[in-house]
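Chain residues, written in single-letter form:
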Amino acid sequence: MDDDATDNHPDTDPQAGEDHAVVLGAGMAGLLAARVLAGRFPRVTLIERDELTGDGPELRSGIPQSRHAHILWSRGMRLIEQMLPGVTTKLVEAGAALLETPRDFLWLSPADWFQSVPGTKVLIAGRDLLDWTVREEVLRDGRIQILGGTAATGLVAGPDGRSVAGVRLRDAAPLAARLVVDATGRTSKATAWLGDLGYPAPAVTRYDPHLGYSSRYFEMPADPARRWHGMYVQSRPDLPRGGVLVPQGKDRWLVTLIGNGEHAPPVKDEEFFAFARSLRSPALYDAIRDATPLSPATAFRSTVNEWRHYERLERWPAGLVVLGDAACRFNPVYGHGMTVAALAAEALAKEIRTLDPEQIAAASRRIQRSTTAAAAVPWQIATSEDMRYAVTEGPPPDRATRILQNYMSRVMVGANADPVISGRFFGVLSLTASPNTLLSPATMIRVLSKWRLPTAPDTADYPAHYRPAGDRA
Ligand SMILES: Cc1cc2nc3c(=O)[nH]c(=O)nc-3n(C[C@H](O)[C@H](O)[C@H](O)COP(=O)(O)OP(=O)(O)OC[C@H]3O[C@@H](n4cnc5c(N)ncnc54)[C@H](O)[C@@H]3O)c2cc1C
C-alpha cells in the first residue's frame, strides 16, 4: 500500500488549526518532536498532563521512571546536541557525568568483566535533570509554547470524520491543529482514539521479561581510591539478578537493582542490601554498604517490550503521528528509549524538511512508518536478549534468533577479551553502528578465534584491572 492510503485531510478550520502543530506529552519524545516541528510550523503547542513548576528539575508523576537509573547513549546524545546545540555542556555543568564505556565502569557482562578500555560515550544524569534541561532549551524557541496541567482526552475529527483536525482536552476547549503528535508514552490512548474515528486497532507484539526495578539514592563522599565512576553487574539467565550504580551529581549516587520474575528486587531496607549482596559480584554491595541512604527504595514493574504496529495499519488518518513509547517501548535495561526518541525526531526532521504544514499532515502515514523504523534495531536487541530468560512471555525465538543469540554470546566473550570487539560491540549497543559491524568477516574471525573461552564462566569478584581498597597490599 502506498502513502495515498493516508485518509484525506480537509481544510477543517482555516483560522485556528492550519499553521498549528500540537504535541501531546512533554517527555523526551514530545520535547524533541516539538523542537523539530517548529522548523516547519509557526506555532507548536506542547500539552502536558503534569503541572510543571518551571522551577528546576522535578520528579513528576507522569514520568515515574525518573526515580530509576537512566543513561543516554552516545548516539542519542549527539542527536540531541545537534537539535539543541550546547545542551550537553549545560547538562554537565548541572551535574551530569559524561563517561567512557566500559573504561570508566566496573562492568560485569553476562560472560565476564569488561576491560578498562575505551568504547563509547555515555551521559548519565537524573531523568528529571535531563528532561528539565532539554525542556528549557526547547522552550527558548518562541514558536513553541507549553500547557502544563492539561490532559489530552481524544482527537477531534475533521469534517470527513476520518482525518485528525485537533485534540480534545480535559477541562478546556478543544485545540485545532493541522498535525497532532501523540508522545504520551506507555499509557497512550491512541488505539482507543483511533477507534473513535473508525480505525481498527493495530497488531501488538509483546515480550514481557517480568523484570522489576528497585532504586534508591545514596550519598558516598568522594574517595581518591575509587577509580571507577559507575558500576554495572549484569544478570544472566542462571542468576537473573543485577544492579547498576550511577552518579547523580556531587557525592550523590543512584542504585537500581533489577531482577526477573521471582527475582524482582525488594524495596524494604535490609532486603534491598541483601539483594545487592546476592549479585554475581559483591562489588556493588561493597560500594554501598557504608554509604548513607538518602531515600527509601522505589519499585517499577512495567518493563514489557511492546510494539503497537501503527505503521502496519492499511489506513491512517491525515494529521496524526504516534511517537516514542506510545508507539514502541522496550525493556529499559538496555537504556535505549531516549535514544530511540531522538532517532524518531531525526526521522521526522528528514521527512518534513521540504514540506509545508498541509503537506506534512497529508504525509502522516509515511512519517509514521519512517519514525517507527528507528525502533527496529533496539527492538531486536532487547527482545532477543530477553528471550534467553525462561520467565519471558512472548512469541518463541525463531531459528535465526537462536543463531543470533548464540553468536552474540560469543561476541560477549570476545568483547571481554579483545578491546577491538569491545569497541564494535559498544558501537552497536549505543545505536551508533549498524549491527552488521558485528557480522563483518573481520569481526567474526576475531570473535570465533576465542571459541575456547566459555560463554558463562565462573567470574572473579572484581575485574583484573581493579582491586577494592581493602585488598590492596
Ligand atoms: C524504569 C525505566 C528506566 C529507563 N531507563 C532508560 C535509560 O536508561 N535510557 C533510556 O534512553 N531510556 C530509558 N527508559 C525509557 C525512557 O524513559 C523512554 O523511552 C523515553 O523517555 C521516551 O519516552 P516518551 O517521551 O515516549 O514517554 P514518557 O517519557 O513516558 O513521557 C510521556 C509524557 O506524556 C505525559 N502524558 C501522558 N498522558 C498524557 C495525556 N493524556 N495528556 C498530556 N500529557 C500526557 C506524561 O505526563 C509524560 O510527561 C527507561 C524507562 C523506564 C520505565
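Details of the structure are given in the entry above.
Residues numbered from 1 in each chain as written. Predicted model: local features only at pLDDT ≥ 70, side-chain atom pairs only at ≥ 80, totals over all residues. Heavy atoms only, no water.

Draft legend 1. A look at the overall build of the chain. Per the secondary structure count, the chain includes 14 helices and 23 strands. Structurally, the chain occupies a C-alpha span of about 75 × 50 × 40 Å along its principal axes. Taken across its 473 residues, the chain has 56% of its residues classed as buried. Counting only contacts in the chain whose residues sit at least 6 apart along the sequence, the fraction spanning at least 24 positions is 75%. Just so you have it, the chain exposes about 19600 Å², and 51% of that area is on carbon and sulfur atoms. Side chains of the chain carry 53 positive and 54 negative charges; the gap between the two charge centres is 5 Å. (Helix = DSSP H or I, 4+ residues; strand = E, 2+ residues; numbered from the N terminus. Buried < 20%, exposed > 50% of the residue type's maximum accessible area, 1.4 Å probe, protein only. Contact = heavy atoms within 4.5 Å. Areas by Shrake-Rupley, 256 points an atom, 1.4 Å probe, with all protein chains shown as cover. Lys, Arg positive; Asp, Glu negative; His and termini not counted. Charge placed at Lys NZ, Arg CZ, Asp CG, Glu CD.)

Draft legend 2. Structural detail: empty space enclosed by the protein. Enumeration over the complete set of coordinates arrives at four cavities of 30 Å³ or more. Every residue along the wall of the largest cavity is listed here: V322, L323, G324, A327, C328, V340, A344, Q368, T371, T372 and A375. Counting only elements with at least two residues in the lining of the largest cavity, the list comes to helix 8 (337–352) and helix 10 (364–372). (1 Å grid on protein atoms, 1.4 Å probe; cavity = no way out; pocket = protein on both sides within 12 Å on 5 of 7 lines; lining within 4 Å. Points joined across faces, edges and corners; volume = space filled by probe spheres on them.)

Draft legend 3. Representation of the sheet that holds strand 11 (residues 172–176) in the model. The three strands are arranged 9-10-11 in an open sheet whose pairing can be described as antiparallel. The open sheet is flanked by strand 9 (152–157) and strand 11, the only strands paired with a single partner. Across the sheet, the axes of successive neighbouring strands diverge by a mean angle of 25°, strand direction being ignored. (Pairing = 2+ DSSP bridges. Axes fitted to C-alpha atoms, helices over the stretch in contact; angles between N-to-C directions.)

Draft legend 4. Spatial organisation of the packing of helix 2 (residues 74–83) against helix 8. At a minimum axis distance of 8 Å, the contact between helix 2 and helix 8 shows a crossing angle of 45°. Taken together, helix 2 and helix 8 sit at an angle that is classed as oblique. Like other packed secondary-structure pairs, helix 2 and helix 8 cross with a definite hand, here left-handed. In this structure, helix 2 uses R75, G76, L79, I80 and M83 to contact helix 8, whose residues at the interface are T339, A342, L343, A345 and E346. (Parallel < 35°, antiparallel > 145°, perpendicular 65-115°, else oblique. Left-handed = near helix turned anticlockwise from the far one by under 90°.)

Draft legend 5. Structural context of a nonpolar patch on the surface. Among the surface-exposed residues, L439, M444 and L448 lie close enough to one another that they form a single nonpolar patch of about 230 Å² accessible area. Mapping L448 onto the fold places it in helix 14 (residues 441–448). Exposure remark for L448: the relative accessible area of 42% places this residue in the partly exposed category. (Patch = residues over 30% accessible without salt bridge, like charges linked within 9 Å, V, L, I, M, F, W, Y side chains within 5 Å. Salt bridge = Lys/Arg side-chain N within 4 Å of Asp/Glu carboxyl O.)

Draft legend 6. Here's a closer look at the sheet that holds strand 13 (residues 204–207). One open sheet holds the three strands; their spatial order is 13-20-23, and the pairing between them is antiparallel. Edge positions in the open sheet fall to strand 13 and strand 23 (328–329), since each of these has one partner strand only. Strand direction decides the pairing type here: strand 20 (residues 305–308) and strand 23, joined by two bridges, are antiparallel. Its bridge partner lying in strand 23, E306 is registered against R329.

Draft legend 7. Fine view of the site of the ligand. The ligand sits among 32 residues. The nearest are E48, I71, R127, D325 and M338. Take R60: an N or O atom from its side chain is 2.9 Å from an oxygen atom of the ligand. Note that an oxygen atom of the ligand is positioned 2.7 Å from one of the side-chain N or O atoms of R127. Surface burial for the ligand is 96%, taken as the share of its 1000 Å² of free accessible area covered by protein chains. Those elements that place two or more of their residues in the shell around the ligand are helix 1 (28–37) and helix 8. When residues in the shell around the ligand are grouped by element, the largest group, three residues, is from helix 8. When its residues are assigned to classes, the shell around the ligand shows 13 nonpolar, 13 polar and six charged. (Near = heavy atom within 4 Å. Polar contact = N/O pair within 3.5 Å; in protein donor to acceptor, adjacent residues only side chain to side chain. Nonpolar A, V, L, I, M, F, W, Y, C, P; charged D, E, K, R; others polar.)

Draft legend 8. Highlighting the packing of helix 8 against helix 10. Look at helix 8 against helix 10: their axes get within 8 Å of each other, and the N-to-C directions meet at 145°. Read as a crossing pair, helix 8 and helix 10 show a hand that is right-handed. Residues A344, A347, L348, E351 and I352 of helix 8 pack against R366, I367, S370 and T371 of helix 10. Of the residues in the contact of helix 8 with helix 10, the class split is five nonpolar, two polar and two charged.

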